[in-house]
Each structure stands twice: as C-alpha cells, then as structure tokens.
Amino acid sequence: MSAAMAAHLSVVTAQSPSLSAARQSVLHLYRDFQRGVPEIMRTHQVDMPMSMIRTKIREEFERHRDVKDLAVIDILLFKGRQEYQETMNAWKQETHIMRYFIKDDAPPKPQGFLEKFLAGRD
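Residues numbered from 1 in each chain as written. Predicted model: local features only at pLDDT ≥ 70, side-chain atom pairs only at ≥ 80, totals over all residues. Heavy atoms only, no water.

1. Observations concerning the overall build of the protein
Then, number 1: A tally of regular secondary structure across the protein gives six helices and zero strands.
Then, number 2: In the protein, the succession of α and β elements from N to C terminus is α-α-α-α-α-α.
Then, number 3: Evaluated residue by residue, the protein yields a buried proportion of 27% over its 122 residues.
Then, number 4: Long-range contacts, defined here as pairs at least 24 residues apart, represent 71% of the contacts in the protein between residues at least 6 apart. (Helix = DSSP H or I, 4+ residues; strand = E, 2+ residues; numbered from the N terminus. Buried < 20%, exposed > 50% of the residue type's maximum accessible area, 1.4 Å probe, protein only. Contact = heavy atoms within 4.5 Å.)

So this is what it looks like as structure tokens:
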C-alpha cells in the first residue's frame, strides 16, 4: 500500500469550535464507518452478516452518546478516526476486528469475594 493511499484516509486533528460542529464530525465519522463495512468485510475476511457489523458500529457510537464535554468529544473523534484509518488500511488484523464481537459473548466477571473465590480468582 502506498503512502498516498494511507494519506487519503487521514484527517487533520483540530478542536471543534462548538457542540454542533463536533456533532457534525461525529456523524461524518459514523457514516464513514457504515459506508466502509463492505470493504472491511472484504479486506479482513470477516465471516458474519453485514447487519451484525453495522449494529456493533452503532453500539460503539451509542456508548458515548451522552458525552457533552467538547474536549472529550474531540479525543473520542481522534480515536475514532484512528480506528477507521487503521481498519481501512488493513493495519489491523482479523483478530483485532473480532475482539469487538468477543466481548459480548464473554461470561460476566465475578463481583463479590465469594464469587471470585469459587471461580478460583484472588
């Protein structure tokens, strides 16, 4: 992959002047991810329905829906753009992509002392 191709997906990091501008940037990133799903499936050879990947992308964005601090939104945008660029440029491997889906299938961690003891944890 050439440097020009990698630079094609890069975006200059800047502070958002307002919440409405940050919202527009978040929506733009969300749309980029959704449009990139077929390419992600093809590049990383993901063997699952496209709807499941789109749902997971939505869940990741919904997780931060209530963030109102502009600085935090800018950091999340930077990290999201970084994830997008790494995914689309195939800098991630299939295992990195599949980690998003494995989290849902994991059993809940023991909370109390007795549960941890019975599970064999300290």
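Resuming the write-up.
2. Things to note about the packing of aromatic side chains
Then, number 1: Within the structure shown, the criterion is met by four aromatic pairs.
Then, number 2: Between Phe33 and Tyr84 the ring centres are 5.2 Å apart and the planes differ by 75 degrees, which places this aromatic pair in the edge-to-face class. Residue Phe33 is found in helix 2 (residues 19–44), and its partner Tyr84 is found in helix 4 (residues 70–88); the two are separated by 51 residues along the sequence. Both residues of the pair, Phe33 and Tyr84, count as buried.
Then, number 3: Between Phe113 and Phe117, the aromatic rings sit 6.2 Å apart at their centres with planes inclined by 20 degrees, giving stacked as the arrangement. (Phe/Tyr/Trp six-rings, centres within 6.5 Å; stacked < 30°, edge-to-face > 60°.)

3. Here's the deal with the nonpolar core
Then, number 1: Formed by 17 residues in total, the largest nonpolar core has its most connected members in Ile53 and Ile57.
Then, number 2: Sorting the residues of this core by element identifies helix 2, helix 3 (50–62), helix 4 and helix 5 (94–105) as the ones contributing at least two each.
Then, number 3: Considering every element that reaches this core, the biggest residue donor is helix 2, with seven residues.
Then, number 4: With near-sequence residues (within four places) excluded, Ile57 lies in contact with Tyr30, Phe33, Gln34 and Val37. (Core = buried A, V, L, I, M, F, W, Y, C linked by side-chain atoms within 4.5 Å.)

4. Looking at the pattern of salt bridges
Then, number 1: Applying the stated rule across the entire model yields eight salt bridges.
Then, number 2: Between Glu60 and Arg63 there is a salt bridge, and its shortest N-O distance comes to 3.3 Å.
Then, number 3: Glu60 sits in the partly exposed class, given a relative accessible area of 21%.
Then, number 4: Among the ionic pairs, Lys92 bridges to Glu83, the shortest N-O distance being 2.1 Å.
Then, number 5: A relative accessible area of 26% means that Glu83 is categorised as partly exposed.
Then, number 6: Salt bridges sharing partners connect three or more residues here, namely Asp32, Arg35 and Arg81. (Salt bridge = Lys/Arg side-chain N within 4 Å of Asp/Glu carboxyl O.)

5. A few points about the side chain of Lys92
Then, number 1: Tracing the backbone through its elements, the reader meets Lys92 in the loop between helix 4 and helix 5.
Then, number 2: Residue classification places Lys92 among the buried residues on the basis of a relative accessible area of 10%.
Then, number 3: Other than its neighbours up to four places away in sequence, Lys92 contacts His44, Glu83, Glu86, Thr87, Ile97 and Tyr100.

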